[in-house]
Every structure is written in structure tokens, then in C-alpha cells.
Amino acid sequence: MVRRVLINMLEKEVKILLSIQEYERLFSIFDFEEPFIQTNYYYENSKSAINNVTIRIREKNDKYKLQVKIPKNIEGSIHIKEEYEEDIDKVYETIDKEILKQATEIDFEDDLLLIGKLVTKRLVCNKYDDVVIALDANKYLDVKDYELEIEYCNEYPQYIMDILKEHDIKINDLVLGKNNRFNKRLRTIQKHG
């Protein structure tokens, strides 16, 4: 694995699951840049599943990042997570628990195994200060879903929520992130063979 300086940051975002009609309506509401494809490769062991920790390698433009997201506070559609990220050279079948421990100071007990992938077609709007709006169409495990993520640095972006409300986009009470939706679908498939 290529190791570079580890980045540690706090991620604050609002997640909104969308119908296909809401997804299409958003094209005319925000000024999105050209779409791109990114793929999340998810990893798991019993400890990461229990603690709701996301461990993934994200591939975008032939570059790879190992990312670990640890929930700090989730209230309905608002997700605040501590995020660790570093550049690596490829997608691995296994991630060594010692690498993760060095990065996060968390003991993962066992190495983590690749359990599957989720492919996202993403459009991004960077028009607003300290706010990034991402419109996603996701494919995983024979599921296609749509999502809006509003990542913000400072204060909660109420003005963005007001724009959404004006266009009849509902903010959901409880939204599972991509990793949790992927895992929920994987468990259903495993249960029903």
C-alpha cells in the first residue's frame, strides 16, 4: 500500500433520499458541474459492523483513497462523522487491521475483507460558500437509489433547506448513509440466499 500523510477531518452533512422525480427536479434547481463516476469498495469485520464504522476505498479518476468514517452524531438526516483519509495505490481484497489502527487509534481486532461495491454517478454544485451539494444516483446489489448530500463547514445551511422546501423536496427524518444501505441490502440477500 502506498502511504501518504493521513488526513483527519470532521464531516458534517445532510443526507436526503430522493424519488426519481425529485432527483430529476433538482437538475433545474442547482447549478451542477459535469457528472463523474466514483466507486466505493466496502470492507467489514464484526467490529466495524457493530460500531457502524464505514471503511472503504474510493476510486475516482483512477485514483484511490482509503477512507474511514466514524459516527460522532447522527440526528435524522444530519450526519456528523470523524473521517480519516489517505492516498493508496489500488483496491485491495483485505485491509490490514494494523494500518487502520495506526490511522484511527481504533483496535479493529481482525483484518477487514472486501464485501462489495457501490457505484455513484455524482453531480456537484459549488456555488455556495462553505457548502458542497452532491446529487447522487447509486447502483449496488441490484438496487438503484437517489440521494442529495449537503456537506457544510460552518453553520447548518438553513437557506439551502429553504430552497429545497420551496421545490417540495422533503427532508427525511432518518436517513441511512450509503454504507448502511449497502449493508442492509447485503444482509437481506444473505438471509434469503
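Report on the accompanying structure. (Residues numbered from 1 in each chain as written. Predicted model: local features only at pLDDT ≥ 70, side-chain atom pairs only at ≥ 80, totals over all residues. Heavy atoms only, no water.)

Let's talk about the nonpolar core
Put simply, the test is: Nonpolar core, defined: a set of buried Ala, Val, Leu, Ile, Met, Phe, Trp, Tyr and Cys residues in which side-chain atoms within 4.5 Å join the residues together. Exposure classes here rest on a 1.4 Å probe applied to the protein chains alone. A residue is buried below 20% of its type maximum, exposed above 50%, and partly exposed in between. Strands are runs of DSSP state E lasting at least two residues, helices are runs of H or I lasting at least four, and both sets are numbered from the N terminus onward. Every residue pair with non-hydrogen atoms within 4.5 Å of one another is taken to be in contact.
Judged by nonpolar contacts, the single largest core of 24 residues is most densely connected at Phe30, Ile133, Ile150, Ile160 and Leu164. Put simply, the parts of the chain that give this core at least two residues each are strand E1 (7–18), helix H1 (20–26), strand E7 (112–125), strand E8 (131–140), strand E9 (143–152) and helix H4 (158–166). Discounting residues that sit within four places of it in the chain, Leu164 has contacts with Ile16, Leu26, Phe30, Leu148, Ile150, Ile169 and Ile171. In this structure, Tyr41, Tyr43, Leu66 and Leu112 belong to the second largest nonpolar core, which totals 17 residues.

So, the state of the cysteines
Note on terminology: a disulfide is the covalent bond linking the sulfur atoms of two cysteines. The condition is simple: Defined by distance alone, a disulfide is two cysteine sulfur atoms within 2.5 Å.
All told, the structure shown has 0 disulfides when counted by the stated rule. With no disulfide of its own, Cys125 lies 14 Å from the sulfur of Cys153, the closest cysteine sulfur. With relative accessibility at 0%, the residue Cys125 sits in the buried group.

Details of the pairing of strand E3 (residues 54–60)
As a reminder of what qualifies: Two strands pair if DSSP finds at least two bridges between them.
Of all 7 residues that make up E3, 6 are buried, and the element is covered over most of its length. The pairing of strand E2 (residues 36–44) with E3 spans 6 bridges and is classified as antiparallel. Bridge assignment links Tyr41 to a residue of E3, and that residue is Ile57. By the bridge criterion, 7 bridges tie E3 to strand E4 (residues 63–75) in an arrangement that is antiparallel. What sits directly across from Ile55, in E4, is Val68. Counting the residues between successive antiparallel strands, the hairpin from E3 to E4 contains 2 residues, one of them, Asn61, with a positive phi of roughly 55°.

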